[in-house]
Amino acid sequence: MIKPVMLWTDALVFLLLAVITFFVWTVYRHEHLAAPWRKVGHSASGMAALVVLSCFVLIGFLDTLHYRVSIPGKDGKTTYAVEVLSALDAMVGPLRTQKEKTYSAPLATHLFAKETLQGADGREIREFPRLRYGGAGLKDVRRDHVPDVLQRAALGLGAGLLLWMLPVAWVCRRVARRSKSGLRAAFLSIARRETQVPWHAILLAIGAVCIVASPMAALASQYHVFGTDKVGQDVLYLALKSIRPGLIIGTLTTLVMLPFALALGIMAGYFRGWVDDVIQYLYTTLHSIPGVLLIAAAVLMMQVYVENHGSLFPTTVERADFRLLFLCLILGVTSWTSLCRLLRGESLKLREMEYIQAAHAFGVSHARIMIRHILPNVMHIVLIAVVMDFSGLVLAEAVLSYIGIGVDPSMNSFGSMINSARLEMAREPMVWWSLAAAFSFMLVLVLAANLFGDAVRDALDPRVSTRKAVPAAPAKAAA
Amino acid sequence: MPTRSYCLIALLAAWLLAGCGDGVWNNPYRGGDAGANILYSAFAERPKHFDPVQAYSENEYAFIGNIYQPPLQYHYLKRPYELIPYAASDMPKPLYLDAQGNALPEDAPADRVAFSEYVIRIRPGIRYQPHPAFAVDAAGKPVYADLTRERLRGVHTISDFRQQGTRELVAADYVHQIKRLAHPRLHSPILGLMADYIVGLKELAATLQKAAKALPSGAFVDLAPHALEGARVVDRYTYAVRVKGKYPQFLYWLAMPFFSPVPPEVERFYGQPGMAEKNITLDWFPVGTGPYMLTVNNPNRQMVLERNPHYQGAVYPAEGAPDDAEAGRLKDAGNALPFIDKVVFSLEKEQIPYWNKFLQGYFDTSGISSDTFDQAVQFSGQGDVTLSEEMQARGIRLQTSTATSVFYMGFNLLDPAVGGYTEQARKLRQAITIAIDQEEYISIFRNGRGLPAHGPIPPGIFGYREGADGINPHVYDWVEGKPRRKSIEAAKQLLTEAGFPNGRDAKSGQPLLINLDTSQTGPAAKAMLDWYVKQFDKIGVQLVVRATDYNRFQDKLRNGSVQMYFLGWNADYPDPENFMFLLHGPQSKVKIAGENASNYANPEYDKLFDQMKHMPNSPERQVIVDRMVDILRADVPWVWSWFPKDYTLRHGWLYNSKPNKMAHNTLQYLRIDAARRAELRHAWNRPNVWPVILILLIVALSFIPAIQAFRRRERATATQAHATHVAAEAKP
Amino acid sequence: MTSYLIRRAVYGFFILVLVNLLTFALFFFVNSPDDMARAQLGAKRVTADAITKWKQERGYDKPLILNTNSSGAGVVTNTIFFDKSVKLFVFDFGRSDQGRDIGYDIGTRMWASLAIALPVFVVGLLVTVTFALLMTLFRATYVDFWGVVICVAMMSISSLFYIIGGQFVIGKLWSLVPISGYDEGFSAFKFLILPMVIGVLGGIGASTRWYRTIFLEEISKDYVRTARSKGLPELRVLFRHVLQNAMIPILTGVVVVIPTLFLGSLIMESFFSIPGLGSYTIDAIQSQDFAIVRAMVFLGSVLYITGLILTDISYTLADPRVRFE
């Protein structure tokens with residue numbers, strides 16, 4: 001028996017998903033809205049990035065489905081454990097529970113530092129202690145370790161390649177059916193990059209994900225792929241858990257600031273006069289305060305609130321979650337101003353358009369004009385801002401956590417990973433794997449976000465006309 | 001591109017010529033100081049106070065301990081710690097008086113002693129460091145008295161006053177400083193404590209408070225007209241302090257900077273209008289008679305202590321602990337102190353640069369953080385540590401000492417869930433204490449630099465017991481000559497008896513939740529809190545970590561809304577009283593904002609405490625201390641955690657270093673071999689330029705095909721100008 | 001022009017008023033004077049008396065905004081708000097909670113911040129504009145393609161990695177420069193190389209890409225085509241015409257930053273032990289010395305507003321057609 005738990009950020013994630021679904025549905029229904037998105041779909045780098053990004057989003061989403069396990073209670077009543085788990089925890093089970101004593105290197109079978117152990121003859125010897133879980137199944141560690149790792153990696157690789165065949169086959173069939181040609185011809189057209197949708201890039205990205213993830217999964221059951229940290233937690237698990245806070249900060253921040261930026265920006269541009277003055281005054285003021293200081297003050301303020309209302313946040317998870325949400329809020333406050341300014345500029349232009357003037361003449365109310373006529377026409381700016389801000393926010397989280405005003409110390413995040421890993425760099429031999437894991441996960445996530453953001457901007461921003469996509473080959477395949 | 005590489009090469013060349021003539025490029029100090037008799041050390045944060053009335057923390061004492069000269073000091077080498085005279089000519093002996101002021105014999109019972117009088121004689125001929133406050137003109141009048149704001153115009157720091165002077169140390173300076181404890185504008189952390197002991201100090205504080213209110217804000221408060229009943233000048237070199245009752249620990253206080261001499265003219269000098277605005281205060285520029293004087297105070301970057309030219313007469317001790325002769329620490333016996341001319345402290349906030357600079361030879365000693373420890377130290381058996389071969393080859397030496405500190409995780413005894421004195425509550429606390437594996441904590445987070453605590457008193461302090469007698473029988477068993485932590489099953493059994501089978505309330509079936517409040521942040525916090533959660537998980541108890549900022553944490557301690565918390569205590573002086581009082585009932589945090597954050601109160605313990613605190617160290621005192629520790633072990637107000645062990649690394653060219661947790665005037669004993677240091681720095685820091693050249697070369701080469709292509713295109717466009725616009729299309 | 005600038009300055013003043021009110025409200029809600037006293041008095045043996053005394057001395061025992069016990073102007077002036085916030089307008093920063101003169105500290109630390117921020121800014125600008133021009137020059141070749149790829153990769157790396165990696169490789173492995181530290185005058189040079197290189201590297205990705213977009217936009221305009229079709233060499237076109245015309249968008253981004261250079265870089269300064277305003281601010285946040293934080297917020301706002309005004313002026317200088325009335 002489990003009992004679902006809905007944290008504040010979870011609720012907002014679901015709200016965000018609802019908004020996205022609604023948006024996708026609207027876009028799908030309107031040809032003029034769908035056209036630029038089709039352009040995104042034709043960008044090879046954008047689509048490859050989207051594949052990678054979706055993997056991260058999937059992990060983040062799984063980590064959002066929180067629940068508590070039931071424990072048999074007295075007289076038949078069920079009570080629930082305090083610990084809040086997520087679907088991700090359930091899926092990667094052993095990664096979470098198999099904790100070693102302290103540091104161990106990636107794929108190691110022994111701890112990283114020597115300890116004084118009791119030898120078989122009762123004498124004390126200095127030895128690398130055997131790991132509790134890493135390579136636990138091996139009979140003769142010295143002999144079997146390397147072959148076992150290689151074997152598992154190869155198996156994983158094979159499985160990954162097989163897995164990859166599924167989407168490849170599906171895409172080939174789809175292309176074949178669309179172009180009414182054979183499977184082989186379809187495959188060749190994909191391989192020659194002749195399809196309009198860059199299937200080659202998508203499939204390559206999926207292939208890369210399979211090839212990386214599958215051996216990792218195969219090894220993770222027996223070893224610590226990225227080693228373990230100071231208290232023996234699996235670094236891979238920590239990295240996976242860090243994805244959600246990163247995504248949450250990257251997306252929810254924009255979600256919470258959006259209503260303000262939209263309403264104020266459009267109003268300022270549309271009404272002009274004193275409304276414009278007041279709104280400009282407001283955002284120039286906020287913008288002029290150094291962001292870090294504002295965030296620091298606000299985070300401290302939130303701590304006061306949480307401490308004074310301790311009963312509202314009985315568990316660690318809830319406290320951490322509230323802090324994360326608050327961080328999104330305050331990051332939103334410091335970052336909405338630039339979007340607001342852009343929207344104001346665009347609305348200033350739009351209000352002079354003939355169709356708006358016509359609407360005026362017909363006596364349409366201000367609110368209606370703003371919602372029906374101006375809002376849809378500034379949406380592209382909003383979208384561009386959302387995707388472009390994302391990567392910056394993920395990076396900002398790391399810096400804030402470093403200064404000590406980021407996420408709750410009990411929460412896994414890239415910032416806290418880097419923060420603790422940077423001291424490990426001074427050890428010798430160096431403990432490099434935590435930093436490497438944080439680095440690579442963050443690089444891939446932010447890189448994918450940046451590439452996807454570029455593709456969206458190229459497609460949506462009428463200004464960026466200089467980067468016209470030059471088709472590498474004439475579009476032969478019928479879409 | 002080529003021009004840019006030339007620029008870079010030119011820059012590199014210029015920099016080479018500029019200041020790195022000695023062939024070492026990464027020297028963070030000026031090149032000329034290479035062979036000088038200078039010790040290099042670091043500080044992590046700016047010390048807040050240098051005024052001896054206010055300074056109370058380790059990083060402040062690191063400086064002023066070497067500047068001021070209290071009457072007493074700790075012997076540098078001897079262990080256990082021993083008090084010896086510093087500015088005093090001999091050790092003062094208390095004279096016991098009854099309420100009428102009649103002398104009592106030495107063995108008078110504590111309840112008959114109304115006052116103890118300490119008569120302190122100081123050595124004649126001690127002189128202050130050169131300072132403008134002592135500068136006098138031909139007529140003997142101070143040069144820098146009655147300064148106006150006008151005259152201070154060009155002055156920004158103390159060295160802008162050209163004339164300096166000195167004068168002899170007199171007993172009145174010590175009495176003046178004791179009065180300053182009650183200064184209305186200063187915040188002495190020990191005023192509250194000392195007002196209970198020094199006769200008339202409380203009254204003086206009240207009078208001065210009133211007098212200061214009458215003055216305009218910021219005006220100089222002159223202490224001279226106000227007498228302090230309990231402190232009087234006997235003659236030029238003698239003064240007497242009268243404290244209430246029997247207070248043998250008072251001698252320890254006399255070794256702390258709180259009881260250093262402060263000349264009234266110095267205070268008057270700094271009290272002149274306009275000085276405070278320019279940060280020219282006693283808090284910033286201390287004036288003492290000790291071996292060193294602060295000549296540069298730039299807490300943003302560097303602090304420099306230089307030899308006090310008037311410091312005389314001190315010699316290196318001839319005897320020490322048994323191992324000192326063997327370690328070569330007695331070779332300098334009888335030589336005049338101090339050995340080192342100048343000590344440079346540089347700001348180093350981050351651990352990694354600090355550690356790396358130590359390895360490069362730019363710091364002479366290094367405290368080691370747990371993470372940099374592995375490189376340096378290997379364990380060889382139980383608790384013994386040696387250096388790695390690489391370090392030994394570099395001539396680096398390791399020194400260990402047990403700090404006089406205790407770290408603990410307290411229960412709030414007022415809390416309904418974990419507090420109380422019932423058998424069940426005790427069992428719950430015992431179970432938790434067993435579950436938290438301190439040995440593992442020490443090995444993971446302290447890299448073995450600690451000892452598991454069995455009680456509140458750390459080793460090296462009177463009352464600590466070693467071996468089988470010293471173990472906490474509620475948590476450990478004595479097996480094969482070693483303490484062994486009781487099993488988790490035992491803890492679970494206790495938990496069941498406490499009414500929480502499997503970590504769940506036997507009545508309601510609800511899981512047991514315990515809150516831990518902490519103000520710990522920073523890189524290590526996350527791992528540590530995770531570890532604690534894991535420990536509680538072993539007995540099925542849920543730990544909720546409530547991380548907060550320091551102020552909020554203190555607030556919650558004060559209003560008693562915590563369940564569990566972390567704290568530590570550094571000893572003021574090596575006496576069990578200084579640890580036992582942390583659990584003394586009347587010291588309760590909630591009641592009087594005292595230091596007993598657990599709000600523990602046990603009548604028997606409190607009675608024994610009052611009895612124990614007046615006693616000299618003796619077998620009878622040991623019996624009482626043992627009984628008190630037993631009571632604590634049974635009541636479990638704290639999870640007995642660990643006593644930190646300090647390890648210091650030093651380079652081979654530094655001699656006579658020995659960690660001393662009580663003495664703060666230790667710089668004078670150190671000696672360095674500067675020539676050897678210069679030599680080794682040179683050998684360890686050969687610059688490695690080829691990777692940079694290689695990278696620049698690769699970048700430059702990668703442009704060559706593009707340049708060629710561009711040339712070709714240019715030539716083509718010259719003939720077919722119209723074709724150019726095609727090239728405008730950029731590839732995405 | 002002058003009247004425009006005066007209007008901007010007055011507007012700036014009103015912004016500062018709001019900034020001031022906001023920070024005052026925020027910080028006094030966060031940290032009561034009692035909290036400040038406790039944070040400053042240390043951990044051992046703090047009594048209630050000591051706290052009262054501390055507040056009295058620092059002037060935190062007064063009412064927050066209105067003093068009803070006072071008479072005349074004292075109702076407004078004899079308050080914490082007037083003492084701690086209003087006085088900022090005449091750049092009287094007062095004393096920090098530790099008792100130091102903030103104005104003096106800012107005055108001395110500012111130069112260290114500038115010593116690192118200015119080279120990073122100037123060199124960074126030169127390097128990124130050069131790279132962007134090179135990429136524009138070699139557009140549609142592998143240089144441009146890989147340039148963009150490297151830029152995107154570089155901007156996807158957290159600035160923390162640049163610092164950690166740079167110290168490790170250049171300072172430790174290659175022993176080329178001191179790992180951290182600072183010195184006054186010319187001796188500061190050797191300490192500034194590493195932070196400068198890291199600062200420039202960290203900014204290359206985003207800026208180069210941004211300038212490249214600007215140049216590409218400019219190069220596709222008609223006048224460039226005309227110039228080219230007249231047979232002007234590509235280099236000449238690029239440097240004479242494109243660079244000049246791209247000045248306005250570059251200026252918008254750049255000039256507003258210049259005054260804030262004084263504030264320094266928060267993280268860089270603490271990693272390299274540079275005694276500038278950035279590390280000053282971080283220390284103040286971590287030790288909860290809000291007198292300093294308030295002063296820094298105010299200073300930051302002032303500098304930002306100065307930057308806005310400077311931007312306006314630089315427009316008229318870069319493009320004589322721009323006139324403000």
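Engineer: Before we go on, may I ask you to explain the interface of chain C and chain B in this structure?
Structural biologist: Interface size is often expressed as the accessible area that is lost when the parts come together. Between chain C and chain B, the contact holds 72 residues from the first and 78 residues from the second. A buried area of about 6700 Å², summed over both sides, lies between chain C and chain B, and 51% of it is on carbon and sulfur atoms. In this structure, the salt-bridge partner of R30(B) is D183(C), at a minimum N-O distance of 2.8 Å. On inspection of chain C and its partner chain B, the count reaches 13 residue pairs in polar contact (both at pLDDT 80 or more). A total of 9 residues in the side of chain C that touches chain B trace back to one element, the largest contributor, which is helix 6 (residues 102-137) of chain C. When the residues that make up the side of chain C that touches chain B are grouped by side-chain class, the tally is 32 nonpolar, 18 polar and 22 charged.

Engineer: For this particular structure, what's the right way to read the side chain of S434(A)?
Structural biologist: Residues and elements named next belong to chain A. Take S434: it is sitting in helix 16 (residues 433-460). Overall, S434 belongs to the buried group, its relative accessible area being 6%. Once residues lying within four places of it in the same chain are set aside, the contact partners of S434 are D229, V235, M417, A421 and E424.

Engineer: What exactly am I supposed to notice about the sheet that holds strand 6 (residues 231-235) of chain B here?
Structural biologist: Strand-to-strand pairing in sheets goes through backbone hydrogen bonds, with the strands running parallel or antiparallel. Residue and element names in this part refer to chain B. Reading across from one edge, 4-5-7-6 is the order of the 4 strands in this open sheet, with antiparallel pairing throughout. At either end of the open sheet lies a strand with only one pairing partner, and these are strand 4 (94-97) and strand 6. Each adjacent strand pair in this sheet contributes to an overall mean axis angle of 25 degrees, direction not counted. Sheet topology note: the strand 6/strand 7 (residues 238-244) ladder contains 4 bridges and is antiparallel. The partner of V233 across the bridge, within strand 7, is Y239. The strands that helix 3 (residues 171-180) touches are strand 6 and strand 7; relative to strand 6, the one it contacts most, it runs at about 175 degrees.

Engineer: Any chance you could explain the domain arrangement of chain C here in plain terms?
Structural biologist: Residue and element names in this part refer to chain C. According to the domain assignment, chain C contains domain 1 (2-90) and domain 2 (102-318). Put simply, the middle of domain 1 and the middle of domain 2, counted by C-alpha atoms, are 35 Å apart. Of the residues lining the interface, 21 residues belong to domain 1; the matching set on domain 2 comes to 17 residues. Between domain 1 and domain 2, a total of about 1600 Å² is buried, with carbon and sulfur atoms accounting for 72% of that surface. Of all residues in domain 1, L16, F27 and L88 give up the largest surface area on contact with domain 2, accounting jointly for 32% of the area buried on that side. Linking domain 1 with domain 2 are 1 salt bridge. For R8, the salt bridge identified is with D312, shortest N-O distance 3.5 Å. Counting the contacts that link domain 1 with domain 2 gives 2 residue pairs in polar contact (both at pLDDT 80 or more). Those elements giving two or more residues to the side of domain 1 that touches domain 2 turn out to be helix 1 (2-30) and helix 2 (33-41). With 13 residues, the single largest contributor to the side of domain 1 that touches domain 2 is helix 1.

Engineer: Looking at this structure, how should I read the interface of chain C and chain A?
Structural biologist: In this complex, chain C contributes 44 residues to the contact, which on the side of chain A involves 44 residues. Between chain C and chain A, a total of about 4000 Å² is buried, with carbon and sulfur atoms accounting for 76% of that surface. It is S156(C), F161(C) and Y304(C) that lose the most area in chain C upon contact with chain A, and together they represent 15% of the buried surface on that side. Connecting chain C to chain A are 1 salt bridge.

Engineer: Mind showing me how you'd approach the sheet that holds strand 2 (residues 66-72) of chain A here?
Structural biologist: Residues and elements named next belong to chain A. A sheet is described by the order of its strands in space; here 3 strands give the open sequence 1-2-3, paired in antiparallel fashion. On the outer flanks of this sheet lie strand 1 (2-5) and strand 3 (78-86), each paired with one strand and no other. The mean inter-strand angle of the sheet, taken between neighbouring strand axes irrespective of direction, is 30 degrees. In the sheet, strand 1 pairs with strand 2 via 4 bridges, with the strands oriented antiparallel. For P4, the partnering residue across the bridge sits in strand 2 and is Y67.

Engineer: Can you walk me through the packing of aromatic side chains in this structure?
Structural biologist: The relation between two aromatic rings is expressed through the spacing of the ring centres and the mutual angle of the planes. Residues and elements named next belong to chain B. Throughout the structure, instances matching the rule amount to 56 aromatic pairs over all chains. Both rings, one in Y441 and one in W642, keep their centres 5.5 Å apart while their planes meet at 25 degrees; by these two values the pair is stacked. Note that Y441 is positioned in helix 13 (residues 438-445) and W642 in strand 22 (residues 638-650), a separation of 201 residues in sequence. W642 shares its class with Y441; the two are buried. Pairwise contacts between aromatic rings join F407, Y441, F445, W531, Y532, F566 and W642 into one cluster. For the cation-ring pair, R242 lies above F115, with the distance from its terminal atom to the ring centre recorded as 5.5 Å. The residue whose ring lies beneath K246 is Y96, and the NZ or CZ to ring-centre distance is 5.4 Å.

Engineer: So what exactly am I meant to see when it comes to unusual backbone geometry here?
Structural biologist: Most peptide bonds take the trans configuration, and most residues that are not glycine carry a negative phi. Residue P80(B) is reached from R79(B) by a cis peptide bond, and omega for that bond is -5 degrees. Relative to the helices and strands, P80(B) is located in the loop between strand 2 (72-74) and strand 3 (83-85). Of note, the amide linkage connecting L337(B) to P338(B) takes the cis form, showing an omega dihedral of -10 degrees. Summarising the element assignment, P338(B) is placed in the loop between helix 8 (322-326) and strand 10 (342-347). Phi is positive for K180(A), close to 55 degrees, though the residue is something other than glycine.

Engineer: I tried to follow the nonpolar core on my own but got confused; where do I start?
Structural biologist: A general tendency of soluble globular proteins is for nonpolar side chains to be buried together. L240(A), I418(A) and F441(A) are the most contacted members of the largest nonpolar core, which totals 188 residues. Per-element accounting of this core gives the leading share, 19 residues, to helix 9 (residues 235-271) of chain A. A domain split of this core shows at least three residues from each of domain 1 (2-90) and domain 2 (102-318) of chain C. Beyond its immediate sequence surroundings of up to four residues, I418(A) is in contact with A398(A), L435(A), A438(A), M442(A), L160(C), F161(C) and I164(C). In this structure, V143(B), L152(B), L181(B) and F339(B) belong to the second largest nonpolar core, which totals 104 residues.

Engineer: Explanation requested: the packing of helix 1 (residues 8-29) of chain A against helix 2 (residues 31-41) of chain A in the structure shown.
Structural biologist: Helix-helix packing is described using two parameters, namely the angle between the two axes and the distance between the axes. All names here are of chain A. The contact between helix 1 and helix 2 brings their axes to 5 Å, and the two run at 105 degrees. Here helix 1 is positioned roughly perpendicular relative to helix 2, judged by the angle of their axes. For the pair formed by helix 1 and helix 2, the contact residues are F23, T26, V27 and R29 on the first element and E31, L33, A34 and W37 on the second.

Quick notes on the rules
- Residues numbered from 1 in each chain as written.
- Chains lettered and ligands numbered in written order.
- Predicted model: local features only at pLDDT ≥ 70, side-chain atom pairs only at ≥ 80, totals over all residues.
- Heavy atoms only, no water.
- Contact = heavy atoms within 4.5 Å.
- Buried area = accessible area lost by both parts, 1.4 Å probe.
- Salt bridge = Lys/Arg side-chain N within 4 Å of Asp/Glu carboxyl O.
- Polar contact = N/O pair within 3.5 Å; in protein donor to acceptor, adjacent residues only side chain to side chain.
- Helix = DSSP H or I, 4+ residues; strand = E, 2+ residues; numbered from the N terminus.
- Nonpolar A, V, L, I, M, F, W, Y, C, P; charged D, E, K, R; others polar.
- Buried < 20%, exposed > 50% of the residue type's maximum accessible area, 1.4 Å probe, protein only.
- Pairing = 2+ DSSP bridges.
- Axes fitted to C-alpha atoms, helices over the stretch in contact; angles between N-to-C directions.
- Domains from an automatic or database assignment.
- Phe/Tyr/Trp six-rings, centres within 6.5 Å; stacked < 30°, edge-to-face > 60°.
- Lys NZ or Arg CZ within 6 Å of the ring centre and 35° of its normal.
- Core = buried A, V, L, I, M, F, W, Y, C linked by side-chain atoms within 4.5 Å.
- Parallel < 35°, antiparallel > 145°, perpendicular 65-115°, else oblique.

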